[in-house]
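# Residue-level structure breakdown
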Amino acid sequence: MQKLPIGIQTFSEIINNDYIYIDKTDIALDLIQNYKYTFLSRPRRFGKSLFLDTLHNIFEGKKELFEGLAIYDKWDFDDTYPVIKISWGGDFKTLESTHKRAIQILTENQKRLGIECEFKSSPSGCFEELIHKAYQKYNKPVVILIDEYDKPILDNLEDPKRALENRDFLRSFYVMMKENDAYIKFAFLTGISKFSKANIFSGLNNITDISLKPKYATICGYTQNDLETSFLPYLKDVDMDRVKEWYNGYNFLGDRVYNPFNILQFIDNEFLFKNYWWESGNPYFLITLLKQQPYNLPNLENITLGEELLNSFEVEKLKLEVLLFQSGYLTIKSHYNDPEFGVNDYTLKVPNKEVSISLNRLFLDYLTDSKVRASRDITKAVKEANFEAIKNIFISLFASIPYNNYVKNNIGEYEGYYASVFYAYLSASGFNIIAEDVTNSGRIDLTIILKEQIYILEFKLQTQKYPNNALEQIKSKNYAQKYLNQNKPIYLVGIEFDIEARNIASFEWEMV
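Everything quoted here is computed from the prediction, not taken from an experiment. (Residues numbered from 1 in each chain as written. Predicted model: local features only at pLDDT ≥ 70, side-chain atom pairs only at ≥ 80, totals over all residues. Heavy atoms only, no water.)

Right, let's talk about empty space enclosed by the protein for a bit. Empty space among the atoms becomes apparent when a probe as large as a water molecule is rolled across them. Counted according to the given criterion, the structure contains 2 cavities of 30 Å³ or more. Residue composition of the lining of the largest cavity, by class: 7 nonpolar, 5 polar and 2 charged. As a volume, the second largest cavity reaches approximately 80 Å³. If you trace the second largest cavity, you find it lined by Val382, Phe387, Ile390, Phe394, Phe422, Leu426, Ile448, Tyr455, Leu457, Val493, Ile495 and Phe507. The set of elements that each furnish at least two residues to the lining of the second largest cavity consists of α19 (387-399), α21 (415-428), β13 (454-461) and β14 (490-498). (1 Å grid on protein atoms, 1.4 Å probe; cavity = no way out; pocket = protein on both sides within 12 Å on 5 of 7 lines; lining within 4 Å. Points joined across faces, edges and corners; volume = space filled by probe spheres on them. Nonpolar A, V, L, I, M, F, W, Y, C, P; charged D, E, K, R; others polar. Helix = DSSP H or I, 4+ residues; strand = E, 2+ residues; numbered from the N terminus.)

This is the structure:
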């Protein structure tokens with residue numbers, strides 16, 4: 001049985017030591033033959049670095065490593081090229097440390113290529129000199145591979161001034177590719193975010209973003225077929241539907257894919273369903289952004305963004321939805337294109353159960369400003385339809401929210417806040433929830449779907465604006481009709497909130 005490539009991003013190590021390798025070399029060949037400058041955005045730990053290293057070995061002519069792979073007899077491995085590889089790992093908390101790290105990376109490339117730069121203290125000058133001298137020494141155009149091109153910026157999102165300083169530094173660094181186009185064979189950049197070309201690449205207008213090109217949808221990640229073939233010896237006795245529910249769902253306009261990190265950790269931890277990817281790097285910068293942009297969390301399930309917004313990422317005006325998508329906490333649910341009117345829209349959703357549970361635990365921390373944790377009590381109460389217990393759990397939850405949360409802003413006056421607390425708490429508990437559930441007579445605030453029963457929830461603030469109470473609205477709109485054909489109990493739950501008490505004032509329910 002082949003070994004699991006846990007934590008290994010070096011192509012040669014995987015091949016030489018009999019680790020499982022999912023062949024992506026057919027995609028690499030297509031990329032090399034069709035583009036000169038390419039950019040790929042994928043969430044962290046998705047296999048970008050391994051793909052980059054695969055390209056490195058192709059251009060350096062390491063043919064023996066590719067025996068049995070798709071590219072083996074389709075590429076001339078004798079035709080080698082000098083490779084400049086830049087991997088932005090390190091400390092970027094000051095502009096000086098970013099500058100220092102750039103010099104270190106360029107020095108490593110000089111040693112590997114047998115070149116010495118005269119511009120030792122100028123990263124952009126050294127980069128340009130390295131391109132020229134590599135071209136002259138090897139009499140071949142240069143290949144440039146840049147991993148995590150945006151890391152110096154992303155590491156500083158909580159400090160916009162520092163992030164902008166690093167952005168401006170990178171712009172002056174990357175512009176050297178434009179200025180030396182004649183000496184470049186191929187360039188491939190990876191990252192998480194998609195900054196505008198004007199802000200980062202400064203005129204490199206011929207760079208092609210392949211992030212959402214359908215034929216490159218599986219360039220990183222594992223497909224369902226990969227799990228059922230290459231990983232079959234490990235997964236033959238595993239509940240694959242449950243694996244899919246927990247870890248599949250990332251959609252880049254092609255076959256849906258798994259994050260490799262999750263699958264490898266899941267197998268290595270003896271099939272324990274756990275939040276592996278999330279725990280490898282909690283995005284607490286999202287909390288900072290939430291404090292700046294209050295958000296109705298149930299809307300996360302049905303966000304629709306235009307292509308321009310989806311592909312924009314600006315430090316000065318970060319959008320929560322865009323950040324969530326590009327970071328991997330939301331994925332594409334559907335894509336709508338109308339060429340007549342130039343419409344190109346994407347509807348987003350949370351990709352899988354791991355992200356849903358983890359993201360909502362983070363949101364719960366933000367909404368309650370306390371380390372509230374979903375407990376087995378709510379799971380038991382909902383499964384048993386114990387409404388008194390459900391009511392008491394949420395009354396206690398709202399009572400635990402510090403008074404300062406309400407004093408420092410007026411969130412307690414908005415229905416969306418209370419709905420967000422319910423949504424985050426129930427989602428963090430692992431329930432299958434549909435927010436803003438569309439029916440032919442209106443939208444249900446929250447629908448909870450279990451194997452044994454269905455819950456339909458409506459929220460209201462106790463004001464003169466709503467003459468009918470929450471439960472009456474569910475019944476008058478006949479929301480339950482949508483689920484009558486499922487032949488299971490349907491519970492209608494109307495919940496009203498008292499603005500002054502900042503808690504549940506009325507909790508009514510009926511069974512259909």
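Attention shifts here to the packing of aromatic side chains. Pairs of aromatic rings are described using the distance from one ring centre to the other and the angle between the two planes. In the structure shown here, the tally under the stated rule is 44 aromatic pairs. When the centroid spacing of 4.5 Å and the interplanar angle of 5° are considered together, the rings of Phe127 and Phe173 count as stacked. In this pair, Phe127 is assigned in helix α5 (residues 123-138) and Phe173 in helix α7 (residues 160-179), connecting sequence segments 46 residues apart. Per residue, the accessibility class of Phe127 equals that of Phe173, and both read buried. (Phe/Tyr/Trp six-rings, centres within 6.5 Å; stacked < 30°, edge-to-face > 60°. Buried < 20%, exposed > 50% of the residue type's maximum accessible area, 1.4 Å probe, protein only.)

What follows concerns the sheet that holds strand β10 (residues 343-349). As summarised here, the arrangement of the 3 strands in space is β8-β10-β9, forming an open sheet in which the pairing is antiparallel. Looking at strand neighbours, the two that pair on one side only are β8 (303-306) and β9 (331-338), the edges of this open sheet. The average angle at which neighbouring strand axes cross in this sheet is 25°, direction not considered. In this sheet, β10 lies alongside β9 in antiparallel orientation, the contact comprising 7 bridges. For Ser334, the partnering residue across the bridge sits in β10 and is Thr347. With respect to the sheet, helix α16 (residues 320-327) is in contact with β8, β9 and β10, its orientation differing from that of β8 by roughly 90°. (Pairing = 2+ DSSP bridges. Axes fitted to C-alpha atoms, helices over the stretch in contact; angles between N-to-C directions. Contact = heavy atoms within 4.5 Å.)

For the rest of this paragraph, the subject is the environment of Ala501. Here Ala501 shows up in the loop between β14 and β15 (503-511). With 103 residues separating them along the chain, Ala501 and Phe398 place their C-alpha atoms 9.8 Å apart.

The next subject is the environment of Leu290. Take Leu290: it is sitting in helix α14 (residues 285-292). Residues Leu290 and Phe363 lie 73 residues apart in sequence; the distance between their C-alpha atoms is 8.8 Å.

Helix α17 (residues 353-368) packs onto α14 with a crossing angle of 50° between their chain directions and a minimal axis gap of 10 Å. By the criterion of interaxial angle, the relationship of α14 to α17 is oblique. Of the two possible hands of crossing, α14 and α17 adopt the one that is right-handed. Of the residues in α17, those in contact with Leu286, Ile287, Leu290 and Lys291 of α14 are Leu359, Leu362, Phe363 and Tyr366. For the contact of α14 with α17, a count of residues per class yields 7 nonpolar, no polar and 1 charged. (Parallel < 35°, antiparallel > 145°, perpendicular 65-115°, else oblique. Left-handed = near helix turned anticlockwise from the far one by under 90°.)

Right, let's talk about the sheet that holds strand β2 (residues 83-87) for a bit. Spatially, 5 strands are ordered β2-β3-β4-β1-β5 in an open sheet, and the strand pairing comes out parallel. Of all the strands in the sheet, the pair left with one neighbour each is β2 and β5 (208-209). Pairing analysis gives 5 bridges linking strand β1 (residues 37-41) to strand β4 (residues 184-191), with the strands arranged parallel. Looking across to β4, one finds that Phe39 is bridged to Leu189. In the packing of α5 onto the sheet, contacts are made with β2, β3 (142-147) and β4, and the angle to β3 comes to roughly 145°.

What follows covers unusual backbone geometry. We note that Ala385 has phi near 55°; this positive angle belongs to a residue other than glycine. When you line up the elements, Ala385 lands in the loop between α18 (376-383) and α19.

Another aspect to go through is α17. With 16 residues, α17 extends 22 Å between its outermost C-alpha atoms, agreeing within 8% with the 22 Å of an ideal straight helix rising 1.5 Å per residue. When you tally the buried positions in α17, you get 14 out of 16 residues, the bulk of the element. The opening residue of α17 is Asn352, an N-cap whose side-chain oxygen sits 3.3 Å from the backbone nitrogen of Glu354. (Expected span 1.5 Å × (residues − 1). Polar contact = N/O pair within 3.5 Å; in protein donor to acceptor, adjacent residues only side chain to side chain.)

Next up on the list: the pattern of salt bridges. Working definition: two side chains of opposite charge can pair if their charged atoms are close together. Per the stated rule, a full pass over the model turns up 25 salt bridges. Salt bridges here are not isolated pairs; linked through shared partners, they connect Glu60, Lys62 and Arg112. (Salt bridge = Lys/Arg side-chain N within 4 Å of Asp/Glu carboxyl O.)

For residues with low pLDDT, the predicted coordinates do not support detailed interpretation. Model confidence for the chain is summarised by a mean pLDDT of 90, while 92% of its residues fall at 70 or above. Here residues 405-412 scores under 50 on pLDDT; set against residues more than four positions off or in separate chains, the count is 16 contacts. (pLDDT = per-residue confidence, 0-100.)

In the structure shown here, the tally under the stated rule is 0 disulfides. No disulfide involves Cys126; its sulfur sits 3.2 Å from that of Cys117, the nearest cysteine. (Disulfide = S-S within 2.5 Å.)

Look at any regular strand and the pattern is simple: side chains alternate between the two faces of the sheet. The buried count for β1 comes to 5 of 5 residues, which makes it a mostly enclosed element. Burial along β1 is two-sided: the residues Tyr37, Phe39 and Ser41 and Thr38 and Leu40 are all buried. Relative to β5, β1 runs parallel, the two being bridged by 2 bridges. By the bridge assignment for β5, Phe39 is matched with Asp209.

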